[in-house]
Amino acid sequence: MKSIKRCQGIISLFLVFFVAGMIALVIKIQREASFYMMHSENYELGMVYDRNGDVLFDGSGNEEYEDNYFIDVGNLIGDDKGQMTNTLVAQNLEKLNNYSFSAGLVREGGKAAIYTTLDHEANRAVYNAFGNQDGCAVAYNYKTGEILVCTSLPSLDVTKGYENISDFRSGTLISKTLYGTVPGSTQKVSTVIAALEIMGADTLFSKSFSCSGTYVNKSGDNIDCHNSYGHGTQNIQQAVENSCNPFFAQLIEDDDLPLSQVKKVYEKLGYAVNDDEEEYFDIDGIKCQKASTTLNDPYEFKTQWGCIGQGDTLVSPIQLMMWQSAIANESGEMTMPHLIDHTTDVYGKIKDNAKTQFSDRLFSSDTAETVKQILLTNGENHYTNLITGYKLGVKSGTAQVNEGNTENSLLVGFVDDPDLPVAFCILIEDKNNTSLKTENIAQIMLDALSQN
Amino acid sequence: MDSLKLILCAVAAASLDICALVLILAAYHERNTGNKRWNRMTSFMELADYNTSYPLGCDEILIGRHASADIRLPDLSVSRYHAMLTISNGIWTITDIGSKSGVFVNGNLVKQTQLRENDMITLGNRRLIFRRRSDVNVR
Amino acid sequence: MSGNKCSYIFSAIFVLLAHAGMLLNVFLNGNYSDLSDVIVLAGAVIGLDLVYFIIMPFFKQSTFTIDFLLLLVLNMSVIFQSCFGGVHLSLKHYITCITALIACRAGYLLCRNHKWLQMQKKYFYIGIGVLMLVIVTLTGSRSMWIYLGPITLQPSEFIKPLFVLACATSITEQQKKHKILCFHVVYENFALMGITAAICLLQWWCRDLGSLPTFIGIYACGFLLRICYPKAKFSKKKLIGAGIILLAVAVICMKFAPAYVQERLHADIWNDINGNGYQQAQALIGIANGGWFGKGPGYGFLHNVFAHENDIVFATISEEWGLLYALMMVLAILIIVMLPLINPPRSYFHSTMAAGVCAAFTVQMALNIFGSCNMIPFTGVTIPFISSGGSSLMTSGFMTGMLVASQSPVFKPPKPHKKLSSFNLRRQKA
């Protein structure tokens, strides 16, 4: 009868809703179970491997390793102890857990692992090259985005625990590649990009400014050049090669380069201009600080100094390296770096295969080509003898830190070779204290990478 | 140990499943006996048109033109809700629920009356006969 | 009964088998130090089964399936509750289960004659009123419990079956219309609306927000069945349209709700894992820990968490017995609610009653299970039959009794109607 049928209809409606909810619940639990497990005290971690199958982190703790076997990646790969949070393991614990809802927690023989893109051997060679010097180096394949080398000193051996954590030197627990540092003259690459975007190659190459060692800007402040005798009159190519500060100060003051447009290009490049909120971008769960700078007034000392790469400007080495990829690719698009090639679940099934991703277009491909040419010429003229065997586009930099008390040395660049498409950034802290040069490290790094 | 645990879980779950299944089957069986019981209680009656017969499946049956009526007579002379059949103690009663044309049983206009076998009910232009179900004798 | 003898015996055997399977699991997998604990538990469960099978035929019902299902689920819950954190018969829960079975019988006996029941309708309203008064006077504003020595009662639970009965209606009743201005109205519908509003206000006042959706669900069900039938002014299309509009309004309300409400709705339990989110986070971890097949009876961790035996009982069972088993337990309860679909009631009153019971059960289960798994805000409601708690079990038993009554109804008039009998006489003369 229809009346009874109607009641049955309502009962079915309630049941259908409930059953649909239950199905949603089961699916939710299936998908999120391993996330839940990571919040319990009950987990069994797997391994992290490099690109050749070498161990970078052993979650099981069953094997013995040489002393300092993991020290070169200590503060990048990290561990599960909770002392370091911005590390690969800490951010990807869930993927590393030997757990699946149907298998439960596998104590022995679980195959959950993360296969990274790092080259442990090259990484260790670079780490050792630093010797007692602090600093960091990062390199990646600008075609695919695979991070090949990423090391930061001082570092730690995670297998030794944190008992003497108070004795650790500052910066031990973080990978410096991820955090902003004063870029020095490497910043001039960004300024050249901005100038090219705004006025075009022809206008820029027609400009020439003179340098007498020091330049008094329009607001009356001194912009010093590192060469106190001055560089004379130069065009942009020479200014980049000489890394001439007065040239760039005058360029910023030039009427063809309105600061509002420079700001726009900088923002496109990813700078947080004038105290914008601090931002991060994500590399497989690891947070990398975005660049920031201050641009107020083209005649102001602070702004000019910012465009030259001192003062308020902060850029992380990884971002410096990523801009090099946009130049080296001649596309104006950055290749987004990644650290995880793939992961395996508890049964050893491969999942999460990495894909190469590109950023939005930061600048035009014409600009990219021109900058690439400028950097390649610089490499050819000044670095052929220092780093042998590679066709390089580079820009060096010296950054004043600790209120000008110490100087850091930087080198950013790329190899223009389809067989070795590597972009890199190297940072040596307190360079006046050592005979170690960034080019030495670049040579060792590229040699190690080209061998594999 | 693990496999034993798995088997035990499976056994416990399976026994529960089978139990649920058996109970559902039992419910279907009960529906059949319930139908029989209901038919006995309602004296095996049905309403019949000249070509269709309407089973009387529950204790309150609305007759009318509206789509939601239990027995739908699509005829404009029948009100939307015309009459209601109710049963109590095995006796069917027909009640006029505010129809326009009235309810006639064997030609008499009634407000409420008990029905007996082979009564002729007239609702508007439609005639229905209250009779024993034809398939009863077969069983 | 006579025709069902065979299926009765079969059902009994399989219920016993299901319990035996569970007990075997407890015996071989369970966490117990003393075998006597398991034997006591087995004895209690099987004993109750057998006693019930012997008593049942004395009730002259035409259907027994729901009784079997009730027994199955209740004894399952006895086994579950006895295993939390180590096998030991939970005597308190066992006794409340027996009470629930008795309440079921009472519900059946009271509700099987719907004609008689309809005449008692005013007493339902009086009963609800009295219970509300009790809540107002005895429990106080922010509580829902009455303490009577060792027993604690939750009076709002007892309102539920009465409210279901008040919501149930027959077609005859809906025909008693009165004309106010140009509307034909049924007075009783207004009475029901009033009492619903009163109950909702009271629940709000008590901050018993968990029961509120249950009442609203029952009322929505009753209301729909009242307006649809017999005066079907509302076609299906209109109803669906109204439903969509309601949903849209709800979504918009959610979006523009004040911040503190939204915070309550989207609580991030993982950021507050040791504070407000503790129960839910532990429940989810427990489910993940149990996997499909569980850690084994008594080996769970969740029995250390507050309210493991009622608010997050689904997770506790999942952890110890596995998600598969917990789902099957839910299925068993769903079958109880589903039986009116297989074996339809014979009167509109009984079927509206069944729909109300269904609404109450499903809404409660949904609130509990989805709440403890962080899909909807967490409210402290109980799963019928499974959660421990005397008031809840008794009312669930009673409501199951109402379902039994709808399947094995008795059609006898309360008293011969005077007018009708004189009418009959006249007719017989003619």
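Keep in mind it's a predicted model, so treat the numbers as computed, not measured. (Residues numbered from 1 in each chain as written. Chains lettered and ligands numbered in written order. Predicted model: local features only at pLDDT ≥ 70, side-chain atom pairs only at ≥ 80, totals over all residues.)

This part takes up the overall build of chain C. A count of helices and strands for chain C gives 18 helices and four strands. For chain C, the share of sequence-separated contacts (at least 6 apart) that also reach a separation of at least 24 residues comes to 75%. (Helix = DSSP H or I, 4+ residues; strand = E, 2+ residues; numbered from the N terminus. Contact = placed C-beta atoms within 7 Å.)

Our next topic: the overall build of chain A. The number of helices and strands found in chain A is 13 helices and 22 strands. Taking the principal axes of the C-alpha coordinates as reference, chain A spans close to 95 × 65 × 45 Å. For chain A, the proportion of its 452 residues judged to be buried stands at 51%. Pairs at least 24 apart in sequence give 67% of the contacts found in chain A among residues at least 6 apart. (Buried ≥ 20, exposed ≤ 12 C-beta atoms within 10 Å, placed from the backbone.)

Here we come to the interface of chain A and chain C. How big an interface is tends to be expressed through the accessible area that disappears when the partners come together. Taken together, the contact between chain A and chain C spans 24 residues of the former and 39 residues of the latter. Per-element tally for the side of chain A that touches chain C: the top contributor is helix α1 (residues 2-38) of chain A, with 18 residues. Broken down by class, the residue content of the side of chain A that touches chain C amounts to 14 nonpolar, nine polar and one charged. (Nonpolar A, V, L, I, M, F, W, Y, C, P; charged D, E, K, R; others polar.)

Every α-helical turn comprises 3.6 residues, leaving residues that sit three or four positions apart pointing alike. Residues and elements named next belong to chain A. The element helix α5 (residues 120-130) is largely enclosed, with a buried count of nine among its eleven residues. Along α5, the positions that sit buried rather than exposed are His120, Ala122, Asn123, Arg124, Ala125, Val126, Tyr127, Ala129 and Phe130. Among the structural elements, β2 (55-58), β6 (135-141), β7 (147-153) and α13 (438-451) are those in contact with the buried residues of α5.

Turning our attention to unusual backbone geometry. Look at the link from A:Leu153 to A:Pro154: it is a cis peptide, with omega at -5°. Within the fold, A:Pro154 resides in the loop between β7 and α6 (187-206). The phi angle at B:Asn106 is positive, at roughly 50°, despite the residue not being glycine. Secondary-structure assignment places B:Asn106 in the loop between β7 (103-105) and β8 (108-110). A positive phi angle, close to 65°, is found at C:Asn374, a residue other than glycine. Structurally, the position occupied by C:Asn374 is in the loop between α16 (348-372) and α17 (390-407). Judged by C-beta crowding, with 22 C-beta atoms within 10 Å, C:Asn374 ranks as buried.

Here we come to the packing of helix α1 (residues 5-29) of chain C against helix α2 (residues 35-55) of chain C. Each pair of packed helices can be described by the angle between their axes along with the distance between the axes. Residue and element names in this part refer to chain C. Axis separation between α1 and α2 bottoms out at 11 Å; the angle between their running directions is 175°. Between α1 and α2, the angle falls in the class roughly antiparallel. Touching Ala12, Val15, Leu16, His19, Leu23, Val26 and Phe27 of α1 are Val38, Leu41, Ala42, Val45, Ile46, Asp49 and Phe53, all from α2. Residues of the contact of α1 with α2, tallied by class, amount to twelve nonpolar, one polar and one charged. (Axes fitted to C-alpha atoms, helices over the stretch in contact; angles between N-to-C directions. Parallel < 35°, antiparallel > 145°, perpendicular 65-115°, else oblique.)

On to the confidence of the model for chain C. Atomic detail in the predicted coordinates should be set aside for any region of low pLDDT. Residues and elements named next belong to chain C. When pLDDT is averaged across chain C, the result is 82; 87% of the residues are at 70 or more. A low-confidence stretch, residues 416-430 (pLDDT under 50), is modelled with six contacts involving residues beyond four sequence positions or located in other chains. Scored as a whole, the predicted complex attains pTM 0.78, and scored at its interfaces, ipTM 0.88. (pLDDT = per-residue confidence, 0-100.)

All names here are of chain B. Looking at the secondary structure, you find Leu128 in strand β11 (residues 126-132). For the pair Leu128 and Glu30, spaced 98 residues apart in sequence, the C-alpha separation works out to 32 Å. Excluding anything up to four places from it in sequence, Leu128 contacts Leu47, Ala48, Asp49, Ile121 and Leu123.

Turning next to the nonpolar core. In this structure, A:Val138, A:Ala139, A:Phe424, A:Met445, C:Val164 and C:Ile333 are the most contacted members of the largest nonpolar core, which totals 290 residues. With 16 residues, the single largest contributor to this core is α16(C). Setting aside residues up to four positions removed in sequence, A:Val138 forms contacts with A:Ile147, A:Val149, A:Cys150, A:Thr177, A:Pro317, A:Ile318, A:Met321, A:Phe424 and A:Cys425. (Core = buried A, V, L, I, M, F, W, Y, C linked by C-beta atoms within 7 Å.)

Once that is clear, we can look at the sheet that holds strand β1 (residues 47-49) of chain A. All names here are of chain A. What the five strands build is an open sheet, ordered β2-β1-β5-β17-β18; its pairing is mixed. This sheet does not close on itself; its edge strands, each paired only once, are β2 and β18 (350-351). Relative to strand β17 (residues 340-344), strand β5 (residues 113-116) runs antiparallel, the two being bridged by four bridges. Bridge pairing in β17 links Thr116 to Ile340. (Pairing = 2+ DSSP bridges.)

Below, the discussion takes up the interface of chain C and chain B. Taken together, the contact between chain C and chain B spans 51 residues of the former and 43 residues of the latter. Elements with a contribution of two residues or more to the side of chain C that touches chain B: α1, α3 (65-83), α8 (171-175), α15 (323-342) and α18 (418-429) of chain C. For the side of chain C that touches chain B, the element with the most residues is α1(C), which contributes 13 residues. Broken down by class, the residue content of the side of chain C that touches chain B amounts to 28 nonpolar, 19 polar and four charged.

Residues and elements named next belong to chain B. Across the sheet, six strands lie side by side as β2-β1-β11-β10-β7-β8; this open sheet has antiparallel pairing. Only two strands of the sheet have a single neighbouring strand rather than two, namely β2 (53-55) and β8. Taking the axes of each pair of neighbouring strands and ignoring which way they run, one obtains an average angle of 30° across the sheet. Bridge count between β7 and strand β10 (residues 119-123): three bridges; the pairing is antiparallel. Note on β10: the bridge partner recorded for Val105 is Ile121.

This paragraph deals with the packing of α6(A) against helix α12 (residues 365-382) of chain A. Residues and elements named next belong to chain A. Packing of α6 against α12 leaves a shortest axis separation of 10 Å and a crossing angle of 130°. With respect to each other, α6 and α12 are oriented oblique. Crossing handedness for the pair α6 and α12: right-handed. Residues Val189, Val192, Ile193, Leu196, Glu197 and Ala201 of α6 touch α12, and the partners they reach there are Thr367, Thr370, Val371 and Ile374. Taken together, the residues that form the contact of α6 with α12 break down as seven nonpolar, two polar and one charged. (Left-handed = near helix turned anticlockwise from the far one by under 90°.)

Residue and element names in this part refer to chain A. Most of strand β21 (residues 406-415) is tucked away, with eight of its ten residues classed as buried. The pairing of strand β20 (residues 392-401) with β21 spans ten bridges and is antiparallel. Residue Val401 lies in a different strand from β21, and its bridge partner there is Thr406. Counting the residues in the hairpin turn of β20 and β21 gives four residues, including Asn402, whose phi is positive at 50°.

Okay, helix α10 (residues 301-308) of chain A next. All names here are of chain A. Within α10, six of the eight residues are buried, which leaves it mostly tucked inside the rest of the structure. When we look at burial in α10, the residues that qualify are Thr303, Gln304, Trp305, Gly306, Cys307 and Ile308. Its buried side turned inward, α10 meets α6, β10 (222-224), α8 (245-253) and β15 (292-293). Gly309 sits one or two residues past α10 and shows a positive phi near 110°.

Residues and elements named next belong to chain A. With six of seven residues buried, β6 is to be regarded as a mostly interior element. The sheet contact formed by β6 and β7 spans six bridges and is antiparallel. Paired with Ala139 across the two strands is Val149, which belongs to β7. Looking at chain direction, β6 and strand β22 (residues 422-428) are connected through seven bridges and run antiparallel. Counterpart to Cys136 in the pairing with β22 is Leu427.

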